[in-house]
Every structure is written in structure tokens, then in C-alpha cells.
Amino acid sequence: MRDGPNTHVGSMMDVAVSPVLALRKFGCEQSLLSRPDGSSSFVQGDTSVLAGVYGPAEVKISKEIYDRATLEVMIQPKVGLSGVRERAQEHCVRQTCEAALLSTLHPRSSLSLILQIIHDDGSLLSCCLNAACMALMDAGLPMSCLFCGVTCAIEQDGHIVTDPTSQQEKESRALMTFAIDSAERRVMMSSTRGSFSVNELQQCVALSQRASEEIFQFYRDSVRRRYSKTL
Amino acid sequence: MRETPLSNCERQFLLKAIEEKKRLDGRQTYDYRNIKITFGTDYGCCVVDVGKTRVLAQVSCELVAPKDNRPTEGIMFINLELSPMASPAFESGRQSELHVTLNRLLERCLRNSKCLDTESLCVVSGEKVWKIRIDVHVLNHDGNIMDAASIAAITALCHFRRPDVGIQGEEVTIYTPEERDLIPLSIYHMPVSVSFSFFQQGTFLLVDPCEREERVMDGLLVIAMNKHREICSIQSSGGIMLLKEQVLRCSKIASVKVCEITELINKALENDRKVRKEGGKFGFAESMAKERITALKSEIAPVEMIDIEEKAEDIICRTGAPCDTVPSPVVRAPGTGQVGEGLQNAWGLDEMEEEEEEEEDDIEQGGPEKQPESETITSKKGDVVVISDSEEEEVVILHQGVEVKDFREEMSSGQKQATSASKKKKKKRKLAH
């Protein structure tokens with residue numbers, strides 16, 4: 001009734017799923033900036049985001065929290081000043097990071113996460129989440145779990161596409177981004193646009209959980225490579 | 001976040017070393033750090049590294065109306081952002097002195113030197129011209145942001161391609177990249193700025209100061225020049241007194257450096273042009289260093305799809321049934337809507353506690369479009385919008401005979417009234433129970 005897993009682009013397709021069900025090529029580089037405590041550049045296909053983390057550091061009295069660290073996220077677009085769209089994305093990233101970080105270990109401190117969009121070719125929010133996680137890892141901040149972002153788009157004819165390009169995003173009828181945690185593969189944050197059925201939502205969540213396996217394996221490989229000389 | 005202050009011993013060490021003609025990274029007095037230029041996927045995007053200082057520049061264009069006093073000239077807008085990523089001292093939003101200085105220097109370097117032919121940016125005189133916008137983001141501050149920014153800006157300008165425009169009588173057509181090739185901007189010359197830092201009241205001079213050297217310097221001289229030995233802008237700051245010979249010597253050094261840098265920029269542009277023409281891969285993804293231990297790339301990863309549908313069905317079956325959908329609001333009289341009469345209280349609270357929920361301002365589901373708009377009319381027409389906590393107040397339906405003028409009112413202005421109106425509706429619902 002159903003074919004085996006799709007491993008090649010353009011092979012036999014299933015009924016309700018798009019033939020190209022794959023994540024684009026991704027790449028990551030850590031510690032590429034000298035000033036921030038942790039930095040990373042995450043590239044998904046052509047979408048590229050640069051993340052820098054400062055912390056734990058001194059916090060302004062007006063912003064301090066007595067028992068935990070204050071996390072500040074800033075997303076800077078390439079052209080123009082940051083506006084409402086960036087605020088919404090910052091909110092999503094901040095909620096995810098706050099859930100993963102053990103901020104009670106650094107009370108009355110500030111953690112600043114700055115994301116610079118280098119190029120946007122679709123799946124921007126998930127690329128931001130991935131870059132953020134790698135930068136937090138690079139800075140050595142204590143986290144209870146790692147997280148990754150996966151974007152799914154539902155096309156007009158009902159096909160689901162993971163990691164869509166901006167062309168695919170524009171033509172889609174619904175776009176969903178999920179942040180998945182590494183401990184139990186649960187959804188930490190979801191941000192959606194468009195209309196879709198409950199069934200489609202659950203399918204996309206299940207798909208994202210599958211896709212997150214690849215991304216976490218990539219994290220593991222990156223870190224293993226990085227510390228291969230010292231360990 | 002505040003910048004960690006420079007300790008006295010560090011300062012003395014640096015000054016002593018400079019007196020002995022030694023620099024922290026082993027460079028000579030007139031040496032520049034390694035300059036690396038990479039281009040992105042779209043035209044007009046480039047990242048420039050001067051040593052560890054990293055700067056990103058992006059050029060974009062749009063059609064706007066020209067300035068009144070210059071109807072036949074295009075507009076060039078330059079914006080330099082000190083990203084908080086670059087240094088803990090940089091804060092977003094606040095315009096520090098450094099931010100203003102750098103912006104002004106960059107503007108003088110590019111705009112006043114007339115390196116870009118603004119006349120060629122005119123489409124319809126007096127009505128439509130191209131506005132070229134250059135955004136420069138400083139990503140890492142390790143000294144000498146000015147030079148890196150000027151290199152990035154002029155490289156991005158040379159790299160940029162704008163859409164082609166066709167004029168037929170009154171009609172103006174902008175062609176997409178698929179229809180007609182994009183055309184480059186017309187650049188007359190390439191101004192590049194060179195920074196000189198002075199120490200010990202002008203006795204010692206260093207080219208391309210790094211961040212530590214910048215902290216202990218007395219003054220800074222910035223000369224923007226092009227390869228034809230024309231000075232585009234010159235600025236001396238810090239209050240040091242410079243002799244005429246010193247300034248002339250610096251300009252000679254600058255002309256040598258600018259020639260080298262211009263050659264480097266042209267080579268980088270040529271390489272990128274070649275790669276794009278041959279159809280090779282370009283962009284930041286490709287320029288990421290592969291051999292580094294801190295970098296990793298992976299191939300296209302397939303996602304398994306075997307039993308996604310079954311899993312989804314399973315989850316949906318296991319979850320509880322959703323609560324009853326709220327019916328559409330009932331319109332009792334023009335300008336009012338009522339939701340929820342006759343439904344069971346699904347909140348699990350009893351009557352007493354529900355009164356305390358007056359303070360919440362949640363707007364109910366079920367026809368959210370119609371509700372707030374009708375409430376807006378009610379509140380707008382009535383001059384009585386009393387937000388009172390008193391439970392004894394009678395609910396009054398205002399103005400039953402009023403004509404409903406326009407349902408398409410601004411939601412934002414009506415939000416506050418919607419809140420108070422929704423409170424009224426809650427009271428109404430309670431009374432109805």
C-alpha cells in the first residue's frame with residue numbers, strides 16, 4: 001500500500017505526501033566571532049542565520065529577576081529596522097530558550113542572544129532556533145535539553161513539505177514551525193500561519209519529530225568533531 | 001551591558017610596546033590585517049573580515065518619489081548598525097556617539113564623494129527614482145570598524161544589480177529578473193577609508209588599529225581615498241595636534257593601501273562573477289570553511305514518512321473530544337450581540353468566583369469578527385462607557401434605534417471599548433442564567 005522511505009529526490013511518491021520530503025543541506029560553524037561568549041552560524045540550504053550569545057553578565061537593575069537569569073533575544077533583519085514581525089519571532093525564540101536553559105543557576109544575571117539574519121530563503125524561524133541552540137551550546141550555558149526548529153508547509157493540494165524554501169512558503173496554504181526538545185522529542189513551541197485540519201497538524205508534528213532526529217544527530221556530529229582533538 | 005574597563009597595566013604595556021615599535025599581533029606599523037571578502041546568494045550582499053572585525057553589508061533598491069529640490073536624481077540612503085552582537089558595549093536602540101560618528105563618516109565617504117551616479121537612477125523625472133539603500137551591520141568589533149564598513153559598502157554597491165526598467169510613453173514597466181537581466185549600478189570610483197591611530201600626542205602612528213590599540217590611542221585620522229589618489233574625505237578626531245608633514249605622510253601611505261585594497265575588491269568581484277556565470281555554487285553556504293574543526297556540513301537528509309498518518313490518527317483518537325463549539329452570536333437589537341446563553345458553564349467555577357473574573361479582558365470565540373465591531377458601534381455611539389466593578393448595575397442596551405453606519409471600523413481604536421463592552425456582556429450573561 002505504501003512505498004518504503006523516500007531516500008531520493010523525485011522517486012515514487014506517496015498519495016498524501018510530497019515527493020521531496022527531505023531537509024535541505026545544512027551546515028554549522030561555531031565560535032566564529034571573537035567578542036561574543038558563544039557564536040554560531042547555521043545554514044539551511046540558502047537560509048543563513050548568525051547567532052551570538054553574551055552571558056551570564058551584569059544585568060540592569062530594572063531588568064533583574066531575583067532567582068533566575070534574564071534572557072533577552074534580539075533578531076536583526078538584514079534590511080531596515082526590526083519591526084513587529086521580528087518581535088513575534090523573538091518571542092517564540094525566547095520562550096523556547098527559557099524552557100531549555102537552567103536559568104536558576106545564574107540569578108540576577110543577563111543572557112543576551114542576538115540573531116542576525118544573513119539570508120532568508122524560507123524556514124527562517126527554525127534556522128534561528130537551530131543557530132540559537134548551537135550558540136548557547138558554544139557559550140557553555142547550562143541547558144536541561146537541546147532544542148531544534150523544524151518548519152513544515154502544507155501546499156494547496158495537501159502535500160506536506162519539510163524545510164520549505166521561500167518560494168514554497170509563498171505558495172503554501174499553511175506554514176508551521178515547531179521547536180522540538182532533544183530529551184523526549186516533545187513540542188516546545190509552535191508558530192503557525194494559515195488554515196489546516198487537526199489531522200494535518202498531527203501529521204506535521206509527527207513529521208517534525210522525525211526530522212528533529214536528523215538535526216540532533218547533526219548537533220552530535222558537530223560537537224564530536226569539535227572536541228575530537230581534546231577528548 | 002557595560003564594557004569591561006581597560007586595566008592600567010594593560011594600558012601601560014600596550015603603550016610601552018608601541019614605543020618599541022611592537023604590536024600585539026606582530027604586525028609592522030603600516031601593515032593591514034588580513035582582509036577577506038565573501039558574497040552572498042543575492043546581489044548586493046557581502047561580508048568583509050578585517051582580521052577579526054566582521055561586517056555585513058546589504059544593498060537594496062525601491063522606487064520612490066524623488067526629493068523636491070532634486071527631481072532628476074536618485075536617492076542613496078546609508079545606514080550603519082552597531083549590532084549588540086559585535087560588542088557587549090553596543091546596545092540596540094540607543095544612538096551612541098560612536099554610532100553617530102561612524103554613520104557620518106560613512107555617509108561622507110560615499111555620498112559626498114559622488115561615487116554613485118545618481119542621475120542614472122532616475123526613471124521618471126520628478127515622479128519615480130530609484131532609492132538605493134545600503135545597510136551595514138557590524139557583527140564583530142575587533143577595531144577599525146570604519147575601514148571594514150567602507151570596504152563592505154563599496155563592494156556591495158559594486159556587486160549589486162537592480163531590475164531593468166522600460167519606459168514606453170507614459171507606461172513604466174519594471175522587468176523581473178526572469179524577464180530581463182538585472183543591471184549593475186554605475187559607479188564612478190571606489191572610495192575606501194584608511195584609519196591611522198596616534199599615540200603619545202602624535203609621536204607614534206599605527207595603521208589599522210585593533211580593538212586594544214583603539215582603546216589606548218590618543219587620536220584617530222581617517223582618510224577616505226580612491227585609487228586615483230583623490231581624497232574623498234579626511235577627518236581627524238581626538239584632539240591631537242598633527243603636523244602638516246604627518247598628514248601628508250599619512251595620505252601617501254593611504255594611497256598605497258587603497259590601491260592594494262581596491263585590487264583585492266576587484267579580484268573578489270571578478271571571482272564571484274566568474275562563479276555565477278559558470279553556474280557554480282555561490283553564497284555563504286559555499287564559502288563556509290570546511291576544513292575547520294568548528295564547522296560541519298551535512299548532505300540532504302531524507303525524512304522517513306512510513307507511518308505518519310497512522311500515528312496522527314492514533315493521537316487524534318486518544319485525545320478527548322473538544323468542547324462544544326460556541327454558536328454564532330445572537331443579535332438582540334442592532335448594535336448588540338450575545339453569545340453563550342443556555343450553554344453550560346465549562347470553566348469549572350461557580351457563580352461567586354465568576355464575578356471576580358470581571359477584570360479579565362478575554363474576547364470570546366465564536367464570531368469574533370462580528371462581536372467587537374458591533375461592540376465598537378455601541379460604545380462609540382453611547383457616551384456612557386463606565387468600567388465599574390459594581391455588581392448591582394443594570395445592563396442597559398444603548399440606542400436601540402441607531403443606524404449601524406460602518407462595520408469596517410478600526411479594531412485598534414475599538415479595543416478598549418471592546419474590553420469594557422465584553423465585561424458588560426459577561427454581566428448580561430450572568431443575568432440571563
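Cut-offs applied
Residues numbered from 1 in each chain as written. Chains lettered and ligands numbered in written order. Predicted model: local features only at pLDDT ≥ 70, side-chain atom pairs only at ≥ 80, totals over all residues. Heavy atoms only, no water. Helix = DSSP H or I, 4+ residues; strand = E, 2+ residues; numbered from the N terminus. Buried < 20%, exposed > 50% of the residue type's maximum accessible area, 1.4 Å probe, protein only. Areas by Shrake-Rupley, 256 points an atom, 1.4 Å probe, with all protein chains shown as cover. 1 Å grid on protein atoms, 1.4 Å probe; cavity = no way out; pocket = protein on both sides within 12 Å on 5 of 7 lines; lining within 4 Å. Points joined across faces, edges and corners; volume = space filled by probe spheres on them. Nonpolar A, V, L, I, M, F, W, Y, C, P; charged D, E, K, R; others polar. Expected span 1.5 Å × (residues − 1). UniProt positions renumbered as here; feature names shortened; annotations may be inferred. Contact = heavy atoms within 4.5 Å. Buried area = accessible area lost by both parts, 1.4 Å probe. Salt bridge = Lys/Arg side-chain N within 4 Å of Asp/Glu carboxyl O. Polar contact = N/O pair within 3.5 Å; in protein donor to acceptor, adjacent residues only side chain to side chain.

## Observations concerning the overall build of chain B
Step number 1: On a plain count of helices and strands, chain B comes out with 10 helices and 16 strands.
Step number 2: Expressed as a percentage of its 433 residues, the buried residues of chain B come to 45%.
Step number 3: Surface accessibility of chain B: about 23,700 Å² in total, with carbon and sulfur atoms responsible for 51%.

## Concerning the layout of surface pockets
Residue and element names in this part refer to chain A.
Step number 1: When its volume is computed, the second largest pocket comes out at roughly 750 Å³.
Step number 2: Around the second largest pocket sit 27 residues that line it, and Arg-85, Gln-89, Asp-120, Leu-124 and Glu-169 are the ones nearest its centre.
Step number 3: The dominant element in the lining of the second largest pocket, judged by the number of residues it contributes, is helix 1 (residues 84–100), at four residues.
Step number 4: When grouped by side-chain class, the residues that make up the lining of the second largest pocket number 11 nonpolar, nine polar and seven charged.

## Let's talk about helix 3 (residues 145–159) of chain B
Step number 1: Its 15 residues give helix 3 of chain B an end-to-end C-alpha distance of 21 Å, which sits within 8% of 21 Å, the value for a rise of 1.5 Å per residue.
Step number 2: In terms of burial, helix 3 of chain B is a largely internal element, 15 of the 15 residues being buried.

## Topic: the UniProt feature "domain: Exoribonuclease phosphorolytic" (unreviewed entry) in chain A
Step number 1: In this numbering, the UniProt entry assigns the feature "domain: Exoribonuclease phosphorolytic" (unreviewed entry) to residues 23–142 and 146–210 of chain A.
Step number 2: Secondary structure across residues 23–142 of chain A divides into 28% helix and 34% strand, with the first and last C-alpha atoms of the span separated by 28 Å.

## A word on the interface of chain A and chain B
Step number 1: Listed by partner, the interface residues are 64 residues for chain A and 59 residues for chain B.
Step number 2: Of the roughly 5,400 Å² buried at the junction of chain A and chain B (both faces included), carbon and sulfur atoms supply 59%.
Step number 3: Ranking the residues of chain A by area buried against chain B places Arg-35, Arg-210 and Arg-225 of chain A at the top, with a combined share of 14%.
Step number 4: On inspection of chain A and its partner chain B, the count reaches three salt bridges.
Step number 5: As a salt-bridge pair, Asp-42 of chain B and Lys-78 of chain A come within 3.7 Å of each other at their nearest N and O atoms.
Step number 6: Here chain A is connected to chain B by 11 residue pairs in polar contact (both at pLDDT 80 or more).
Step number 7: Residue composition of the side of chain A that touches chain B, by class: 29 nonpolar, 20 polar and 15 charged.

## Remarks on unusual backbone geometry
Trans peptide bonds make up the majority, and among non-glycine residues the majority have a negative phi.
All names here are of chain A.
Step number 1: Along the chain, Gly-55 connects to Pro-56 via a cis peptide bond; the corresponding omega equals -10°.
Step number 2: Position of Pro-56 among the secondary structure elements: in strand 4 (residues 47–57).
Step number 3: With a phi angle near 55°, Arg-108 is a residue other than glycine that sits in the positive phi range.
Step number 4: Structurally, Arg-108 can be placed in the loop between helix 1 and strand 6 (110–119).

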